[in-house]
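A closer look at the structure
Residue-level listing of the chains:
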Amino acid sequence: MGPTEAIAEFVAHTRAENIPTEVYGRAKRHIVDALGVALASSRGSISAILGEVIEGSAEGESSLWNGRGKSKPADAAWVNGTLTHALDFDDGGVALTPMHPTAPVLPAVLALAEARNLSGMDALCAYIVGVEVECKTASLVSLEHYRRGWHSTAIIGTLGAASGSANLLRLGPEKICHALGIASSMAGGMQANFGSMTKPLHAGQAARNGVVAALLAARGFTANPTALEAEKGLSELFGFGDAVTGLRLKEALGQPFHFSSPGVSLKRFPTCTATHLCLEALLALRSSNRLVPEQIEKVECGLHQGDYRVLLRPDGIRTSEQARFSLEYAISVAIRDGEIGLRHFDEAVIQSAELQRLMTKVHVFVPPELRELESKARRFGLVTIHLSDGTVITHRATQIRGHPPLFLTDEEVEKKFFGCTDMIIGRPRAQELLNALRGIETVPTVREIVSLFRPPAS
């Protein structure tokens with residue numbers, strides 16, 4: 001059994017009764033988180049441009065989360081997947097190969113479920129299946145895949161979206177193999193576009209491609225049914241390595257579910273995850289030393305070579321997309337305000353003289369012990385601050401709040417959700433939406449939920 005068949009068998013045969021209760025609970029927290037950050041992005045420039053390209057109508061099948069009406073499921077998945085990842089505030093998989101699992105899968109299955117008037121439980125099960133395929137695949141692929149410059153969310157996320165969509169459509173293993181083959185030819189996304197609007201577009205493309213692949217396969221459209229392992233197939237072309245074998249995947253999928261162990265991370269900072277270890281170290285220093293910007297002469301930030309490579313250099317950080325990929329900017333904000341949130345990514349804030357000046361004091365480097373690819377499993381964030389009185393203080397962070405085992409609490413997830421949604425739909429409807437999402441498995445039709453988080457047209 002090859003990896004394509006292993007995924008297909010798992011997707012075809014996993015039903016609600018096969019998923020442990022604990023997995024449902026954790027998955028619902030990620031759905032709450034994802035829809036919150038998607039709504040928060042619905043008033044941004046990315047959302048506005050998408051609305052000009054994909055024009056919704058009252059007669060469409062699936063809602064566009066930018067408040068522009070409805071469209072075909074594939075187009076809705078494309079728009080909504082992009083919105084979910086637009087702020088880089090969505091969740092992350094726990095694997096050496098980093099990716100954002102929810103942004104490709106959830107918009108795909110909700111678009112299809114809304115179009116076909118399926119239940120909340122149908123969508124929840126399909127979402128869990130898609131995320132499981134993504135996270136277990138990411139856990140097995142070679143680090144060479146990411147080192148080559150591929151954006152894993154775009155590549156592995158396409159497989160997850162196709163898997164979740166196929167599960168929702170109740171496709172059999174043979175058709176799922178074809179759906180995965182179709183999706184494999186549609187996958188793509190490169191790290192060169194990090195720090196631009198195209199980076200979140202990768203998640204939207206993955207969601208769209210997953211929906212299209214499943215719908216085509218359902219109607220008999222064919223592809224190579226062994227596309228993952230075939231010569232010149234997905235694994236070879238994208239540098240997955242020999243670890244992704246059918247036996248390894250078959251033994252890993254659902255044993256246990258990734259949501260259960262080790263778990264999937266939620267972000268508390270709306271920046272690239274590569275900035276988070278150093279942010280943890282800086283905030284610890286700021287808290288314990290009561291630092292103020294005027295005291296600081298220089299800040300040195302050490303991080304892993306892989307993280308260093310995906311971040312932008314400090315010159316020319318002017319837009320919100322660029323700022324999310326700037327460790328210098330994130331550290332400067334944290335020095336000044338002791339936190340970093342959505343309000344810090346307004347372009348007037350980014351371009352303020354104070355923050356631009358603080359950025360010149362931040363110097364980023366790769367410590368010798370973190371220069372090899374294989375050292376990523378023991379990575380850390382090292383921050384050293386030189387003060388104006390000659391004092392030097394330093395802190396090394398090895399864990400990130402929100403990553404296992406330091407999961408965000410339900411209260412923290414709720415606070416983040418309201419921080420994202422209050423400004424878009426108001427607290428009363430946001431509370432109603434939160435209640436519905438917490439009980440999504442009991443909702444008879446996804447359309448009831450979608451009606452709550454559709455923002456008013458701008």
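So, here's what we can say about the structure. Quick caveat, the model's predicted, so the values are computed rather than measured. (Residues numbered from 1 in each chain as written. Predicted model: local features only at pLDDT ≥ 70, side-chain atom pairs only at ≥ 80, totals over all residues. Heavy atoms only, no water.)

Looking now at the overall build of the protein chain. Helices and strands together make up the secondary structure of the protein chain, namely 21 helices and six strands. Computed over the C-alpha atoms, the radius of gyration of the protein chain is 21 Å, within 12% of the 23 Å expected from 2.2 N^0.38 for a compact globule of 458 residues. If you line up the protein chain on its principal axes, its C-alpha atoms span 70 × 50 × 40 Å. By the burial criterion, 60% of the 458 residues in the protein chain qualify as buried. Of the contacts formed within the protein chain by residues at least 6 apart in sequence, a portion of 77% connects residues at least 24 apart. Summed over its atoms, the accessible surface of the protein chain is roughly 17,100 Å², and 51% of this surface lies on carbon and sulfur atoms. Side-chain charges of the protein chain comprise 46 positive and 49 negative groups, with the mean position of each set lying 1 Å from the other. (Helix = DSSP H or I, 4+ residues; strand = E, 2+ residues; numbered from the N terminus. Rg over C-alpha atoms; globule rule 2.2 N^0.38 Å. Buried < 20%, exposed > 50% of the residue type's maximum accessible area, 1.4 Å probe, protein only. Contact = heavy atoms within 4.5 Å. Areas by Shrake-Rupley, 256 points an atom, 1.4 Å probe, with all protein chains shown as cover. Lys, Arg positive; Asp, Glu negative; His and termini not counted. Charge placed at Lys NZ, Arg CZ, Asp CG, Glu CD.)

Helical geometry: 3.6 residues make up each α-helical turn, so side chains three or four residues apart lie on a common side. Three or more residues of helix α3 (residues 45-53) are buried, namely I46, S47, L50 and G51. Buried residues along α3 cover an arc of 135 degrees about the axis, so they all sit on one side. Exposed and facing more than 90 degrees away from the buried side of α3 are E52 and V53. Contacts made by the buried residues of α3 are with α4 (73-85), α10 (198-218) and α15 (320-323). (Arc of directions from axis to C-beta.)

With that settled, the discussion passes to the pattern of salt bridges. Pairing of side chains with opposite charge becomes possible as their charged atoms draw close. Tallying each qualifying case throughout the model produces 25 salt bridges. The partner of E61 in a salt bridge is K72, and the shortest N-O contact between them spans 3.5 Å. You can see E61 sitting in the loop between α3 and β1 (62-63) and its partner K72 sitting in the loop between β2 (70-71) and α4, a full eleven residues away along the chain. Here E61 falls in the partly exposed class, since its relative accessible area comes to 33%. Given a relative accessible area of 54%, K72 falls into the exposed group. Across the salt bridge formed by E144 and R147, the nearest N and O atoms sit 2.6 Å from each other. Of this pair, E144 and R147 are both found in helix α7 (residues 144-147), three residues apart, which corresponds to roughly one turn of the helix. Since its relative accessible area comes to 39%, R147 is described here as partly exposed. One salt-bridge network, in which partners are shared between bridges, spans R336, D337, E339, R343 and E354. (Salt bridge = Lys/Arg side-chain N within 4 Å of Asp/Glu carboxyl O.)

Looking at where G44 falls in the secondary structure, it is placed in the loop between α2 (21-40) and α3. The exposure class assigned to G44 is partly exposed, which follows from its relative accessible area of 30%. When the C-alpha positions of G44 and V141 are compared, they lie 34 Å apart, and in sequence the two are 97 residues distant.

This part covers the environment of S375. With respect to the helices and strands, S375 occurs in the loop between β4 (362-365) and β5 (381-387). Residues S375 and T391, spaced 16 residues apart in sequence, show a C-alpha to C-alpha distance of 31 Å. Sequence-distant contacts of S375, that is, excluding residues within four places in its chain, are made with H304, E369 and L370.

A word on the packing of aromatic side chains. Two numbers describe a pair of aromatic rings. These are the distance of the centres and the angle of the planes. One pass over the structure, following the stated rule, counts seven aromatic pairs. Relative to F257, the ring of F10 has its centre 6.0 Å away and its plane inclined at 50 degrees; by these criteria the two rings are tilted. With a gap of 247 residues between them, F10 in helix α1 (residues 3-13) and F257 in the loop between α12 (246-252) and α13 (276-289) connect regions that are remote in the sequence. Judged by its relative accessible area of 4%, F257 is buried. Judged by centre distance (5.6 Å) and plane angle (65 degrees), the rings of F417 and F418 are edge-to-face. Just as F417 is buried, F418 falls in that class too. For R26, the ring lying beneath its charged end belongs to F407, and the centroid distance is 4.6 Å. Just above the ring of F194 sits the side chain of K199; from NZ or CZ to the centre is 5.1 Å. (Phe/Tyr/Trp six-rings, centres within 6.5 Å; stacked < 30°, edge-to-face > 60°. Lys NZ or Arg CZ within 6 Å of the ring centre and 35° of its normal.)

Peptide bonds are, in most cases, trans, and in most cases residues other than glycine have a negative phi. Put simply, S261 and P262 share a cis peptide bond, and its omega is 10 degrees. Take P262: it is sitting in the loop between α12 and α13. Across the junction of P404 and P405, the peptide omega takes the value 0 degrees, indicating a cis bond. You can see P405 is positioned in the loop between β6 (392-397) and α19 (410-425). The residue R290 is not glycine, and still its phi comes out positive at about 50 degrees. Residue R290 is classed as exposed on the basis of its relative accessible area, which comes to 74%.

Tracing the backbone through its elements, the reader meets T421 in helix α19. Its relative accessible area of 0% is what places T421 among the buried residues. What T421 contacts, discounting residues up to four positions off in sequence, is G36, L39, G426 and A430.

This next bit is on the sheet that holds β6. Spatially, the four strands line up as an open sheet ordered β4-β3-β5-β6, and their pairing is mixed. The strands lining the two open edges of the sheet, one partner per strand, are β4 and β6. If you compare each strand with its neighbour and ignore which way they point, the axes differ by 15 degrees on average. Bridging between strand β3 (residues 296-302) and β5 involves six bridges; their strand directions are antiparallel. Note that in β5 the partner of E300 across the bridge is T384. (Pairing = 2+ DSSP bridges. Axes fitted to C-alpha atoms, helices over the stretch in contact; angles between N-to-C directions.)

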